[in-house]
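# Chain and residue survey
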Amino acid sequence: MRDVTLLNIFEHHIAQKFLNRSGLAHAIAVSYHAFHLAKEHNLDVDIAAKSGLLHDMGHYTWYKNGKWDYDLYRQNDIHPIKGAERAHKLLIRLGENPIKAKTIALAILFHTDSFLPSNDIVRTPLQQIVKLADEKDEEEGGLHHYRKIDFNRAKRSIIRLDELIDQSLS
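Residues numbered from 1 in each chain as written. Predicted model: local features only at pLDDT ≥ 70, side-chain atom pairs only at ≥ 80, totals over all residues. Heavy atoms only, no water.

## Side note on the overall build of the chain
Within the chain, the secondary structure is distributed over nine helices and two strands. The helix and strand sequence of the chain, counted from the amino end, reads α-α-α-α-β-β-α-α-α-α-α. In the chain, buried positions account for 50% of the 170 residues. Taking contacts inside the chain between residues at least 6 apart in sequence as the whole, the part at least 24 apart equals 72%. Here the chain has roughly 8,900 Å² of accessible surface; of this, 52% comes from carbon and sulfur atoms. (Helix = DSSP H or I, 4+ residues; strand = E, 2+ residues; numbered from the N terminus. Buried < 20%, exposed > 50% of the residue type's maximum accessible area, 1.4 Å probe, protein only. Contact = heavy atoms within 4.5 Å. Areas by Shrake-Rupley, 256 points an atom, 1.4 Å probe, with all protein chains shown as cover.)

## Considering helix 3 (residues 24-40)
Across its 17 residues, helix 3 extends 24 Å between first and last C-alpha, which sits within 8% of the 24 Å expected from 1.5 Å per residue. Within helix 3, 13 of the 17 residues are buried, which leaves the element mostly enclosed by the surrounding structure. Phi turns positive, to about 60 degrees, at Asn42, one or two residues after helix 3. (Expected span 1.5 Å × (residues − 1).)

## A word on the pattern of salt bridges
Per the counting criterion, the structure on display carries 10 salt bridges. The residue Arg2 makes a salt bridge to Asp162 at a minimum N-O spacing of 2.9 Å. With Arg2 in the segment before helix 1 (6-11) and Asp162 in helix 9 (residues 151-169), the pair connects residues that are 160 residues apart, well separated along the chain. Where Lys50 meets Asp46, a salt bridge forms, and the shortest distance between an N and an O atom there is 3.0 Å. Taken together, the positions of Lys50 and Asp46, both in helix 4 (residues 45-54) and four residues apart, correspond to about one turn of that helix. Asp46 shares its class with Lys50; the two are buried. (Salt bridge = Lys/Arg side-chain N within 4 Å of Asp/Glu carboxyl O.)

## Here we look at the packing of helix 4 against helix 7 (residues 98-109)
The N-to-C vectors of helix 4 and helix 7 enclose an angle of 50 degrees; their axes lie 9 Å apart at closest approach. Between helix 4 and helix 7, the angle falls in the class oblique. In this structure, helix 4 meets helix 7 at a crossing whose hand is right-handed. Packed against helix 4, whose contacting residues are Asp46, Ile47, Lys50, Ser51 and Leu54, the element helix 7 presents Lys100, Thr103, Ile104, Ala107 and Ile108 at the interface. (Axes fitted to C-alpha atoms, helices over the stretch in contact; angles between N-to-C directions. Parallel < 35°, antiparallel > 145°, perpendicular 65-115°, else oblique. Left-handed = near helix turned anticlockwise from the far one by under 90°.)

## Concerning the environment of Ala15
When you line up the elements, Ala15 lands in helix 2 (residues 13-22). Note: C-alpha distance between Ala15 and Leu54 (39 residues apart in sequence) is 8.0 Å. Setting aside anything within four residues of it in sequence, one finds Ala15 in contact with Ile9, Asn20 and Leu90.

And the structure:
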């Protein structure tokens, strides 16, 4: 039995704020990719899906002269650091197991190299999966963050993914 479901996370006002800011459609797609990759590699599908859903909740929108500036974002971004912190705090508030919350936060922290001074970090298998899941949904120039999804469709997708996780864990 899971302490916190994806739906619990999705419905929380803090998650809504940051998921919508960073791209809800992208977050859901990455969550699905992470679930399937974790299942394929015999890893914890619940932790993987949660990490995928929350991986970009640390995003800040970088604008220059009123227009999104992808280069400015790439130069100054630390969203994995902020996202790991926000996700951990949210998960603990929701009652997630502290060990799982830390594992998810670390997967979020290491899902990209954008903030690292060098690319020589050794990731755990879960961290590799979340990175790969994110890369599978990327679009040039960060456009994946701007895809839209209807709230009700998003909620149905989350509920379906919760069902898939429950089936995999039983």
